[in-house]
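What follows is the residue order along each chain.
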Amino acid sequence: MSMQRAGSEQGQDGFTIIELVISMALLMIVAAPLAGVFYSAMRTAGAAAHRTDGSSVASREIEAMRAVPYAQVGFYNDEPANVATFEGFTTVSLGATSPGSGKLIPQIEPQTPDPAAASGYAPDPRPANALPIIYGGVHYSVVRYVVWVSAQDASTTYAQAYKRLTVITTWSDQAGAHVARQDSLLYPGGLGPYQGAMGGPSTTTTTAAPFAPAAPVLAAITPLASPASQTQVALSWSQPGGGGAVTSYSVEYSTNASFPAGNFTVITGLAPSLTNYTVTSLTPSTTYYFEVLAYAGALSSVSGTQSSTTTAAAAACTLGGLNVAGATSLSTTGTILQNNGKMSEDLTLSWSTAGACPHTYAVKAVDPSNAADPSSPYVLSGSGGAYSASVNASGSRGWAVGLHTFTVWDLTTNTAQSVVKTFKVCVNGAASC
């Protein structure tokens, strides 16, 4: 009985610690390779998902470029990251300089940078649609190219028949660096087949594509001679070849170099044959900035900016006082009349002006009865604002006794001025003089 109980107790003993450790070790040996397989599978699945997202981004960007009006599919030469050629093809240029504030802005950016690719990244100042595209924490950087490509039939090559759009999307994840690319040809729809392209029949009729004209080149401004330079600026420009045919020009000018909305003036409808224009009615002593826009129908391109400062306006003409003086008699108040009716001395007329006084002036003298004095009017001569004239006593027979009135007269407009001086002619020996 006691032997049976001892055997039963021995059969209920569990694993020893050594056996348990050995079992766990065997399990880890088997599980380690499987973990690597699982991790590799997860990384491959993640990379595949990222590639799907990258391809979707590239496809979406291609469709967004195709949605832009045909004439605006391209880049301005001063856009950041723009290149002159890509894969041997010429980049489609919309002009040398991007339009300023308040005008049509570039609708396609050459590059969407990845801020995570540079240390010390500062927020990108450009619009939100120019920032990197982020899916699932992955930054997708986008580069766009728009180049001219040719069409060819059995016998002829047609240069610049199409615009080729290319979008290259790059990103990095746990599996490394990746690239996705999308390409598409773009032709202005609604204009019929290109001459001879795509096997189409040849015809003597060609359809002009709606291209924006090349940007006009505005020459440096030479100020006009005064006084025109106070309120006028003469512009001249040239029109390079290429692009659509110019149908009209416009001139824009502003006192602000950035041409902000509401602070620039537009002169429209200038003939396409013009290469110069004078802007008038400007403010003196003011700096103006000018641009010339060339139009091909509704499409346009803008020149570079030139500036010019109008000169200061000349000071207004101010008339000074008139002085009438004799040599000895009563000096500035009167003179003595001799018995023969002549004055006893010559009279000197002196007058001054300030500012721009371009007219011709004289002095008219009348006696107390309002009759003209001998030899009146007396033409004033001089320069620099100082003028004078003489009344010769030797030819002054016929002067009347009494208070004479001398008035400055504008001979150019034949009008009396407000400058008046009185002077007495007295009887020789008269106590009242």
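Residues numbered from 1 in each chain as written. Predicted model: local features only at pLDDT ≥ 70, side-chain atom pairs only at ≥ 80, totals over all residues. Heavy atoms only, no water.

## Let's talk about the overall build of the protein chain
Here is step 1 of the chain: Within the protein chain, the secondary structure is distributed over two helices and 26 strands.
Here is step 2 of the chain: Counting every position in the protein chain, which comprises 433 residues, the buried fraction comes to 33%.
Here is step 3 of the chain: Of the contacts formed within the protein chain by residues at least 6 apart in sequence, a portion of 61% connects residues at least 24 apart.
Here is step 4 of the chain: Accessible surface for the protein chain amounts to roughly 23,600 Å². Of this, 57% is attributable to carbon and sulfur atoms. (Helix = DSSP H or I, 4+ residues; strand = E, 2+ residues; numbered from the N terminus. Buried < 20%, exposed > 50% of the residue type's maximum accessible area, 1.4 Å probe, protein only. Contact = heavy atoms within 4.5 Å. Areas by Shrake-Rupley, 256 points an atom, 1.4 Å probe, with all protein chains shown as cover.)

## Overview of the sheet that holds strand S11 (residues 233-238)
Here is step 1 of the chain: If you walk across this open sheet you meet the three strands as S10-S11-S14, and the pairing is antiparallel. Only two strands of the sheet have a single partner each, and these edge strands are strand S10 (217-218) and strand S14 (276-279). (Pairing = 2+ DSSP bridges.)

## A closer look at the packing of aromatic side chains
Here is step 1 of the chain: Evaluated as defined, the whole model comprises ten aromatic pairs.
Here is step 2 of the chain: With centroids separated by 6.3 Å and ring planes inclined at 40 degrees, the aromatic side chains of Tyr-288 and Phe-290 adopt a geometry described as tilted. The residues Tyr-288 and Phe-290 share a single accessibility class, namely buried.
Here is step 3 of the chain: Summarising the aromatic geometry, the rings of Trp-351 and Tyr-387 are spaced 5.7 Å apart at their centres and angled 40 degrees between planes, so their arrangement reads as tilted. Taken together, the residues span a long stretch of sequence, with Trp-351 in strand S20 (residues 347-354) and Tyr-387 in strand S24 (residues 386-391) at a distance of 36 residues. You'll find Trp-351 and Tyr-387 in the same group, each marked buried. (Phe/Tyr/Trp six-rings, centres within 6.5 Å; stacked < 30°, edge-to-face > 60°.)

## Considerations on the state of the cysteines
Here is step 1 of the chain: Under the defined criterion, the tally for this structure stands at one disulfide.
Here is step 2 of the chain: Shown here is the disulfide that connects Cys-317 with Cys-357, its sulfur atoms set 1.8 Å apart. Judged by the sign of its S-S torsion, about 105 degrees, the cystine formed by Cys-317 and Cys-357 is right-handed. Within this pair, whereas Cys-317 is found in the loop between strand S17 (306-309) and strand S18 (318-326), its partner Cys-357 is found in the loop between S20 and strand S21 (361-366), the two being separated by 40 residues in sequence.
Here is step 3 of the chain: Judged by its relative accessible area of 32%, Cys-317 is partly exposed.
Here is step 4 of the chain: Judged by relative accessible area, Cys-357 falls into the buried class, the value being 13%. (Disulfide = S-S within 2.5 Å.)

## Examining the pattern of salt bridges
Here is step 1 of the chain: What the rule picks out here adds up to five salt bridges.
Here is step 2 of the chain: Taken together, the shared-partner salt bridges in this structure form one network comprising Glu-87, Arg-164, Arg-181 and Asp-183. (Salt bridge = Lys/Arg side-chain N within 4 Å of Asp/Glu carboxyl O.)

## Observations regarding the confidence of the model for the protein chain
Here is step 1 of the chain: Scored by pLDDT, the protein chain has a mean of 79; 79% of the residues are at 70 or more.
Here is step 2 of the chain: Of all helices and strands in the protein chain, the one with the weakest mean pLDDT is helix H1 (residues 2-11) (51), whereas S11 scores best (97).
Here is step 3 of the chain: In this model residues 190-209 is a low-confidence stretch, pLDDT under 50, and it forms 23 contacts with partners more than four residues away in sequence or in other chains. (pLDDT = per-residue confidence, 0-100.)

## Quick notes on a nonpolar patch on the surface
Here is step 1 of the chain: A cluster of nonpolar residues, Ile-18, Ile-22, Leu-26 and Ile-29, forms a patch on the protein surface that exposes about 430 Å² of accessible area.
Here is step 2 of the chain: By the element assignment, Ile-18 lies in helix H2 (residues 17-66). (Patch = residues over 30% accessible without salt bridge, like charges linked within 9 Å, V, L, I, M, F, W, Y side chains within 5 Å.)

## Some points on the nonpolar core
Nonpolar side chains in soluble globular proteins tend to end up buried together.
Here is step 1 of the chain: One finds Leu-349, Trp-351, Tyr-378, Trp-399 and Phe-406 to be the most contacted residues of the largest nonpolar core, which totals 23 residues.
Here is step 2 of the chain: Elements that contribute at least two residues to this core include exactly S18, S20, S21, S24, strand S25 (402-410) and strand S26 (415-427).
Here is step 3 of the chain: Excluding residues that lie within four positions of it along the chain, Tyr-378 makes contacts with Leu-349, Ala-362, Val-363, Ala-365, Asp-373, Ala-389, Ser-390, Val-391, Trp-399 and Phe-406.
Here is step 4 of the chain: Listed in part, the 21 residues of the second largest apolar core include Ala-58, Tyr-70, Val-142 and Leu-186. (Core = buried A, V, L, I, M, F, W, Y, C linked by side-chain atoms within 4.5 Å.)

## Quick look at the environment of Thr-311
Here is step 1 of the chain: Relative to the elements of secondary structure, Thr-311 occurs in the loop between S17 and S18.
Here is step 2 of the chain: Residues within four places of Thr-311 in sequence aside, it is in contact with Ser-229, Gln-230, Pro-284 and Ser-285.
Here is step 3 of the chain: A distance of 2.8 Å separates polar atoms of two side chains, one belonging to Thr-311 and the other to Ser-229.
Here is step 4 of the chain: A polar atom in the side chain of Thr-311 sits 3.4 Å from the backbone nitrogen of Gln-230. (Polar contact = N/O pair within 3.5 Å; in protein donor to acceptor, adjacent residues only side chain to side chain.)

## As for the environment of Pro-223
Here is step 1 of the chain: With respect to the secondary-structure elements, Pro-223 resides in the loop between S10 and S11.
Here is step 2 of the chain: As for Pro-223 and Ser-308, which are separated by 85 residues in sequence, their C-alpha atoms are 7.3 Å apart.

## Quick word on unusual backbone geometry
Here is step 1 of the chain: Look at the link from Ser-226 to Pro-227: it is a cis peptide, with omega at 10 degrees.
Here is step 2 of the chain: Inspection of the secondary structure assignment puts Pro-227 in the loop between S10 and S11.
Here is step 3 of the chain: Within the chain, Ser-281 stands out as a residue other than glycine whose phi angle is a positive 60 degrees.
Here is step 4 of the chain: Turning to its location among the elements, Ser-281 is positioned in the loop between S14 and strand S15 (287-296).
Here is step 5 of the chain: Backbone geometry at Ser-375 places phi at a positive 65 degrees, although glycine is not the residue there.
Here is step 6 of the chain: Inspection of the secondary structure puts Ser-375 in the loop between S21 and strand S22 (378-379).
Here is step 7 of the chain: According to the relative accessible area criterion, Ser-375 is exposed, its value standing at 58%.

## Considerations on the sheet that holds strand S23 (residues 381-383)
Here is step 1 of the chain: With antiparallel pairing, the four strands of this open sheet are ordered in space as S18-S20-S24-S23. Of all strands in the sheet, those with a lone pairing partner are S18 and S23, marking the two edges. Neighbour-to-neighbour, the strand axes of this sheet turn through a mean angle of 15 degrees, independent of strand direction.
Here is step 2 of the chain: Pairing between S23 and S24: three bridges, direction antiparallel. Bridge assignment links Ser-381 to a residue of S24, and that residue is Ser-388. (Axes fitted to C-alpha atoms, helices over the stretch in contact; angles between N-to-C directions.)

## Quick notes on the side chain of Ser-229
Here is step 1 of the chain: Locating Ser-229 in the fold gives a position in the loop between S10 and S11.
Here is step 2 of the chain: Not counting residues up to four positions away in its chain, the partners in contact with Ser-229 are Leu-224, Thr-310 and Thr-311.

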